[in-house]
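Residue strings, one per chain:
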Amino acid sequence: PTANIGVVGLAVMGSNLARNLASREGNTVAVYNRSWEKTETLVTEHPEAGFVAAKDYTEFAAALTKPRTAIIMVKAGRPTDAVIDELVQVFEPGDIIVDGGNALFTDTVRREKAVRETGINFVGAGISGGEEGALNGPSIMPGGSEEAWQTLGPILTSIAAVADGEPCVTHVGTDGAGHFVKMIHNGIEYADMQLIAEAYDLLRRVGGLEPAEIADIFAEWNTGELESYLIEITAEVLRQVDAATGKPLVDVILDQAGAKGTGAWTVQTALDLGVPVSGIAEAVFARSLSSAPAQRAAAQSLPSATETWSVDDRAAFVEDVRRALYASKIIAYSQGFDAIVAGAAEYDWNIKKGEIAKIWRAGCIIRAQFLNRITEAYADDPGLVALVTAPYFADAVSTALPSWRRIVAGAALAGIPTPAFASSLSYYDGLRAERLPAALVQGQRDFFGAHTYKRVDKDGTFHTLWSGDRTEIEADDLH
Ligand code: NDP
């Protein structure tokens, strides 16, 4: 055997990851794909990589030095299980199987447990950055055992993206921790994209700007605190002109956003954990709304806004939108990190939040300058309970606040949907409110279901005899 690492699944992600691995000093890469054509194409097109091509799993295992280490990059779900079943047959105790696909973290927990019984290590690793990231350096979020990390760490470190001299990979935690964090990354990505889209919509419909002009604004924003990959590519997309019609490409793209499910997973998981990831949820729902043509067609005749929003000072308006975007983005990340904290507590993962922000600084889709600020916030105060309350972010949000309110209020009056901007502002106001109407909700719950309530002025649990004489009793006396 000559290969120190193997890749199973040679579609876009797998073939690029295999090439990335092969390009690093000291690596020899064994490759296998269910259908031979993909293997043949890869090996023929990239002789410089020195791949060891395997025709079946036995050949693949025989090509690998021990402990054998293989990264699976196949369609998530049943295909991943099918490949694991095959690898377990030909691997031995101490070997390492890595799933680099977009697995649901609960599947990873289940697989890790099952594979561990055989003595083989199983590592679920979230890999972000798409095709280009896989080839040139992705952000990698591996879970799994400490033992597996000893072997795998140096290999993953060699191919990961680099931010300020640091590789974008860290051992996130055991079993499903890596895929959990990758899921949250994707959820934040949904929110980030929706917020940018809302900013674009306002600049276009209220600011009266053309896509190419908005592209210039985004390019300008990309030199400041909003600097990020998503802002950068937004400018590129807005500048693109359709060859067939001569129109801006964005005007000929059907306005129905698709989804592959990781945003929905984030929201479903957050609901189970009881964490309000409202910005991410609104982003997922905004895509669903866009993709409901029957409902949208039926609603075309509904009344619109009563006020038109005319902007006198366009530069001031553009700055308001930028600040609203930044504040909402801070909320989305704050909520995402809350979900990570809750997941870590629920599943017993020792996740270092500052490290997560660090490995998202390059390689992945949400890579952004401001992740440095998140790392600093957690370094300054490891017990930070809400990111938005860290001094830097609290300051940024309070600077943005008047703009944020003007934008959300103006959009509501003008009938322009800003679900993510508006829900983020509501979340902010909810969080900082001294008293919430949750007190009334508790009263209602006690009325119809005897669900009891606590009081602000003394300990204990209470119930009002709503259908009796409406006196209050201690809940202990209830049953
Ligand atoms: P696809 O998700 O399109 O999967 C295609 C690959 O899966 C092919 O190699 C195919 O083999 C293999 N496959 C499918 N079913 C089976 C099976 N039953 N047994 C064995 N192999 C099977 O490939 P991508 O490269 O797009 O993605 C790979 C993984 O990476 C996925 O989990 C994806 O979610 C994840 N990912 C993708 C990103 C992207 O930007 N595309 C970004 C980050 C993660 P065959 O050629 O024989 O059909």
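Predicted model, so just to flag it, every value in this text is computed and none were measured.

Further remarks concern the pairing of strand β2 (residues 29–32). Neither face of β2 is exposed, since Val29 and Val31 on one face and Ala30 and Tyr32 on the opposite face are all buried. With 4 bridges joining them, strand β1 (residues 5–8) and β2 adopt parallel strand pairing. Counterpart to Ile5 in the pairing with β2 is Val29. Taken together, β1, helix α1 (residues 12–22) and β2 constitute a β-α-β crossover, and its handedness is right-handed. With respect to chirality, the unit in which β2 leads through helix α2 (residues 36–45) into the neighbouring parallel strand β3 (residues 52–53) is right-handed.

Cross-referencing UniProt, the feature "active site" (unreviewed entry) maps to Lys182 and Glu189 in the present numbering. Locating Lys182 in the fold gives a position in helix α8 (residues 177–205). Sequence-distant contacts of Lys182, that is, excluding residues within four places in its chain, are made with Asn102, Gly126, Ile127, Ser128 and Met141. A distance of 3.4 Å separates a polar side-chain atom of Lys182 from the backbone oxygen of Ile127. Positionally, Glu189 belongs in helix α8. Contacts of Glu189, omitting those with residues within four sequence positions, involve Leu230, Ile365 and Ile366.

Within the largest apolar cluster, 94 residues are counted, with the highest numbers of intra-cluster contacts made by Leu203, Phe218, Trp221, Trp360, Ile374 and Trp404. Sorting elements by how many residues they give to this core places helix α15 (residues 314–347) first, with 16 residues. Counting 29 residues, the second-largest nonpolar core is a separate cluster that includes Leu10, Met73, Ala134 and Leu152.

Let's shift gears to the pattern of salt bridges. The full count for this structure, using the stated rule, is 27 salt bridges. Of the charged contacts, one joins Arg111 and Asp81 as a salt bridge, the two residues approaching to 2.9 Å between their closest N and O atoms. Linking Arg111 in helix α5 (residues 105–116) with Asp81 in helix α4 (residues 78–90), this pair joins segments that are 30 residues apart in sequence. Judged by relative accessible area, Arg111 falls into the buried class, the value being 3%. Here Glu210 makes a salt bridge to Arg204, at a shortest N to O gap of 4.0 Å. Classification of Glu210 as partly exposed rests on a relative accessible area of 43%. When salt bridges with common partners are traced through the structure, they connect Asp81, Asp99, Asp107, Arg110 and Arg111 into a single cluster.

Moving on, we get to the sheet that holds β3. Strand order in the open sheet formed by 7 strands is β3-β2-β1-β4-β5-β6-β7, with mixed pairing between adjacent strands. Of all the strands in the sheet, the pair left with one neighbour each is β3 and β7 (139–142). As judged from the 3 bridges shared by β1 and strand β4 (residues 69–72), these two strands associate in the parallel manner. Across the sheet, residue Val8 finds its bridge partner in β4, namely Ile72. Lying on the sheet, α2 is in contact with β2 and β3; it crosses β2 at an angle near 145°. Contacting β1, β4, β5 (96–99) and β6 (121–128), α4 runs over the sheet at an angle of about 165° to β4.

Rules used in this analysis
- Residues numbered from 1 in each chain as written.
- Predicted model: local features only at pLDDT ≥ 70, side-chain atom pairs only at ≥ 80, totals over all residues.
- Heavy atoms only, no water.
- Buried < 20%, exposed > 50% of the residue type's maximum accessible area, 1.4 Å probe, protein only.
- Helix = DSSP H or I, 4+ residues; strand = E, 2+ residues; numbered from the N terminus.
- Pairing = 2+ DSSP bridges.
- Right-handed = clockwise from strand over helix to strand, strands pointing away.
- UniProt positions renumbered as here; feature names shortened; annotations may be inferred.
- Contact = heavy atoms within 4.5 Å.
- Polar contact = N/O pair within 3.5 Å; in protein donor to acceptor, adjacent residues only side chain to side chain.
- Core = buried A, V, L, I, M, F, W, Y, C linked by side-chain atoms within 4.5 Å.
- Salt bridge = Lys/Arg side-chain N within 4 Å of Asp/Glu carboxyl O.
- Axes fitted to C-alpha atoms, helices over the stretch in contact; angles between N-to-C directions.

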